[in-house]
Amino acid sequence: MQNPETREGIKIGLKENLALFALLVVVNLFVGSMVGLERTVLPLLGEKVFGLASASAALSFIVSFGFTKAIVNFLAGQIADLIGRKRVLISGWVIGLFVPLIVIWANSWWWVVFANVLLGINQGLTWSMTVNMKVDLVTANERGLAIGLNEFAGYIGVAIATVLSGYIASQYDLRPEPFYLGIGFVGIGLILSYMVKDTGKHLKLQSQQNKQTGLDQPISVSNVFRQTTWKNKTLSSCSFAGLSTNLKDGMAWGLFPLFFSSAGLAVGKIGIIVALYPAAWGFFQLFTGAVSDRIGRKSLIASGMWLQALSIWWILFTGSFVSWIIGAILLGLGTAMVYPTLQAAISDVAHPEWRASAMGVYRLWRDSGYAFGALMAGILADVLDISWAIGLVAFLPLLSGLTTVFNMKETLKIKIGKTSYP
């Protein structure tokens, strides 16, 4: 069916908005690169440069990042409704400029923690907007593909920056040289974001189309929060799965470099393993988002959660460089199966006029997982040891997979915004 258009010639669809969509994909490549800059270097920096003996203290930068990003995710959609998506995107890049500069000049660990508060704001604003702007541009049966491409670009950026920063650190030092990359990432991201056109008109057109079909009208922010957090079983299952996924990632971010270092691996090899995980995560999202548009969301989410748990245990109980590479790839695949699929499921249920708010609530819980994962992993590592911490964290994605099976409905059977609320 031909998409209706406004007088300005605005259309909804991936092909119809291919140039703008492609530009947003490239922008998110550099958004992800800002996180990848830290994944190899920062845990080692805390241990070797700042002399942090406690795992909880060493992982404090992830806690600050996770909680900040979670809160900003929740607010980003509401801010975007007031000032427009493009302005929020650009604001995120301006804040991101301070992150590498502070890490370079930091004379205490708490400056690094503060830098990651700013990184959380940067990621919450920029990544949230690239997701929402892409969803604004496409039709309902293209959402999985659209979000998959967005996440593919972001996590390929994570992987590339992880490898580059690890290599530079192995050739020079843990700082300042790796963080010069971050200044370049911000500069390029800011220039590209100025070239992006705001998607407000596309959002307006989607809202008009939904009103014409008599679908649900917008609901309050507090109601969106309740529905996405606990009242709607499908939305709350998505939120728990997102939290569990990033809780696992918060652990992997903080403990994997220390785990591999304690096994005697050099920084360069640690960088390879740590980079392969987000590289696989990014690569497989080229396919998993589109697959979910065809086979549905629920089975892919449950299977992906279980694969994440099994992959963590594989890494823990095998002891060679090659087996760890296999485990990292499988962990990335499991994460890729759920990451775009969860966001597509949220978009399936939410009306366009409150979709950004629903996505914000979901991303609030999902990215708070970074912080909870770092806290949980740090405490367990201090009380028990790193291996126990890694193994116990894996039970959360296992439990989430079960929750998905019993509580979540298949969202592709739900028309956009057609949801009953108790």
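All values reported here derive from a predicted model rather than from experimental measurement.

J.: Would you mind going over the overall build of the protein chain in detail, with residue names and values included?
T.: Within the protein chain, the secondary structure is distributed over 18 helices and zero strands. Each principal axis of the C-alpha atoms in the protein chain carries an extent, and together these give about 60 × 45 × 35 Å. Within the protein chain, the proportion of its 422 residues that are buried is 61%. Considering only residue pairs separated by 6 or more positions, the protein chain has 87% of its internal contacts joining residues 24 or more positions apart. Surface accessibility of the protein chain: about 15,600 Å² in total, with carbon and sulfur atoms responsible for 68%.

J.: Quick rundown of the packing of helix α13 (residues 267-295) against helix α15 (residues 321-349)? Include the residues and the values.
T.: Between α13 and α15, the least distance of the axes is 6 Å, while the angle of their chain directions is 35°. For the crossing formed where α13 meets α15, the hand is right-handed. Split by residue class, the contact of α13 with α15 holds 18 nonpolar, seven polar and one charged.

J.: Account for the nonpolar core, naming residues and giving values.
T.: Core analysis: the largest hydrophobic core is formed by 116 residues, its most contacted members being Phe 21, Trp 93, Met 251, Leu 255, Phe 256, Phe 260 and Ile 390. At 13 residues, the largest contribution of residues to this core is made by helix α12 (residues 233-262). Sequence-distant contacts of Leu 255, defined by excluding residues within four places in its chain, comprise Leu 59, Ala 377, Ala 381, Ile 386, Ala 389 and Ile 390.

J.: Which residues make up the confidence of the model for the protein chain, and what are the values?
T.: If pLDDT is low for a region, its predicted coordinates should not be looked at in detail. For the protein chain, mean pLDDT is 85; residues scoring 70 or higher make up 93% of the total. Of all the helices and strands in the protein chain, helix α10 (residues 200-212) carries the lowest mean pLDDT, 71, while helix α14 (residues 298-317) carries the highest, 96. For the stretch residues 212-216, pLDDT sits under 50, and the model shows eight contacts to residues farther than four places along the chain or on other chains. Note that pLDDT drops below 50 for residues 414-422; the model gives that stretch 30 contacts with residues more than four away or on any other chain.

J.: Describe the pattern of salt bridges, listing the residues and the values that go with them.
T.: Using the criterion set out here, one finds six salt bridges in the structure. Across the pair Asp 348 and Arg 143 runs a salt bridge whose closest N-O atoms are separated by 3.7 Å. Of this pair, Asp 348 sits in helix α15 while Arg 143 sits in helix α8 (residues 143-171); the two residues are 205 residues apart in sequence, bridging distant segments of the chain. Each member of the pair, Asp 348 as well as Arg 143, carries the same accessibility label: buried. The salt bridge partner of Asp 367 is Arg 366, with a shortest N-O separation of 3.1 Å. Considered together, Asp 367 and Arg 366 belong to a single accessibility category, that of buried residues.

J.: Explain the environment of Val 103 to me, using residue names and the numbers behind them.
T.: Counting through the fold element by element, Val 103 comes out in helix α6 (residues 98-105). For Val 103, a relative accessible area of 0% gives the class buried. Separated by 13 residues in the primary sequence, Val 103 and Asn 116 have C-alpha atoms spaced 9.1 Å apart. Sequence-distant contacts of Val 103, that is, excluding residues within four places in its chain, are made with Leu 42, Leu 45, Ala 115, Arg 175 and Phe 179.

J.: Any details on helix α1 (residues 18-39)? Residues and values, ideally.
T.: The terminal C-alpha atoms of α1, which comprises 22 residues, lie 32 Å apart, in line with the 32 Å expected from a rise of 1.5 Å per residue. Bending of α1 peaks at approximately 25° at the position of Ser 33. Among the 22 residues that make up α1, 17 are buried, leaving the element largely enclosed by the rest of the structure.

J.: Tell me about the packing of aromatic side chains, residues and numbers included.
T.: Counting across every chain of the model gives 20 aromatic pairs. Taking 5.5 Å as the distance between ring centres and 85° as the angle between the ring planes, the aromatic pair formed by Tyr 155 and Tyr 339 counts as edge-to-face. Highlighted residues: Tyr 155 in helix α8 and Tyr 339 in helix α15, separated in sequence by 184 residues. Taken as a pair, Tyr 155 and Tyr 339 share a single burial class, namely buried. Measuring from centroid to centroid gives 5.4 Å for Phe 283 and Phe 287, while their planes differ by 70°, and the two rings are edge-to-face. Highlighted residues: Phe 283 and Phe 287, both in helix α13, separated by four residues, approximately one helical turn. Taken together through their ring pairs, the aromatic side chains of Trp 127, Tyr 155, Tyr 277, Trp 281 and Tyr 339 make up a single cluster. Geometry around Phe 21 places Lys 134 over its ring, the cationic atom sitting 5.8 Å from the centre.

J.: Run through a nonpolar patch on the surface, naming residues and quoting values.
T.: Taken together, Phe 67, Phe 372, Leu 375, Ile 379, Val 383, Leu 384 and Trp 388 make up a surface patch of nonpolar side chains, about 660 Å² in accessible area. Secondary-structure assignment places Phe 372 in helix α16 (residues 352-383). With relative accessibility at 33%, the residue Phe 372 sits in the partly exposed group.

J.: Now, about the side chain of Asn 122: what can you tell me, with residues and values included?
T.: Structurally, the position occupied by Asn 122 is in helix α7 (residues 109-137). Classification of Asn 122 as buried rests on a relative accessible area of 0%. Those residues within four positions of Asn 122 in sequence are excluded, and the remaining contacts are Met 34, Gly 92, Trp 93, Gly 96 and Trp 127.

J.: Could you give me a rundown of helix α2 (residues 41-48), with the residues and numbers involved?
T.: With six of its eight residues buried, α2 lies for the most part within the structure. Within the sequence span of α2, burial applies to Val 41, Leu 42, Pro 43, Leu 44, Leu 45 and Gly 46.

J.: Go over the packing of α8 against α13, please, and point to the residues and values.
T.: Packed helices, taken two at a time, are described by their axes: the angle between them and the distance between them. For the pair α8 and α13, the least separation of the axes is 7 Å and the interaxial angle reads 170°. Classified by the angle between their axes, α8 and α13 sit roughly antiparallel to one another. Here the residues of the contact of α8 with α13 sort into 17 nonpolar, eleven polar and three charged.

What counts as what
- Residues numbered from 1 in each chain as written.
- Predicted model: local features only at pLDDT ≥ 70, side-chain atom pairs only at ≥ 80, totals over all residues.
- Heavy atoms only, no water.
- Helix = DSSP H or I, 4+ residues; strand = E, 2+ residues; numbered from the N terminus.
- Buried < 20%, exposed > 50% of the residue type's maximum accessible area, 1.4 Å probe, protein only.
- Contact = heavy atoms within 4.5 Å.
- Areas by Shrake-Rupley, 256 points an atom, 1.4 Å probe, with all protein chains shown as cover.
- Axes fitted to C-alpha atoms, helices over the stretch in contact; angles between N-to-C directions.
- Left-handed = near helix turned anticlockwise from the far one by under 90°.
- Nonpolar A, V, L, I, M, F, W, Y, C, P; charged D, E, K, R; others polar.
- Core = buried A, V, L, I, M, F, W, Y, C linked by side-chain atoms within 4.5 Å.
- pLDDT = per-residue confidence, 0-100.
- Salt bridge = Lys/Arg side-chain N within 4 Å of Asp/Glu carboxyl O.
- Expected span 1.5 Å × (residues − 1).
- Bend = angle between axes of the 7 residues up to and from the residue.
- Phe/Tyr/Trp six-rings, centres within 6.5 Å; stacked < 30°, edge-to-face > 60°.
- Lys NZ or Arg CZ within 6 Å of the ring centre and 35° of its normal.
- Patch = residues over 30% accessible without salt bridge, like charges linked within 9 Å, V, L, I, M, F, W, Y side chains within 5 Å.
- Parallel < 35°, antiparallel > 145°, perpendicular 65-115°, else oblique.

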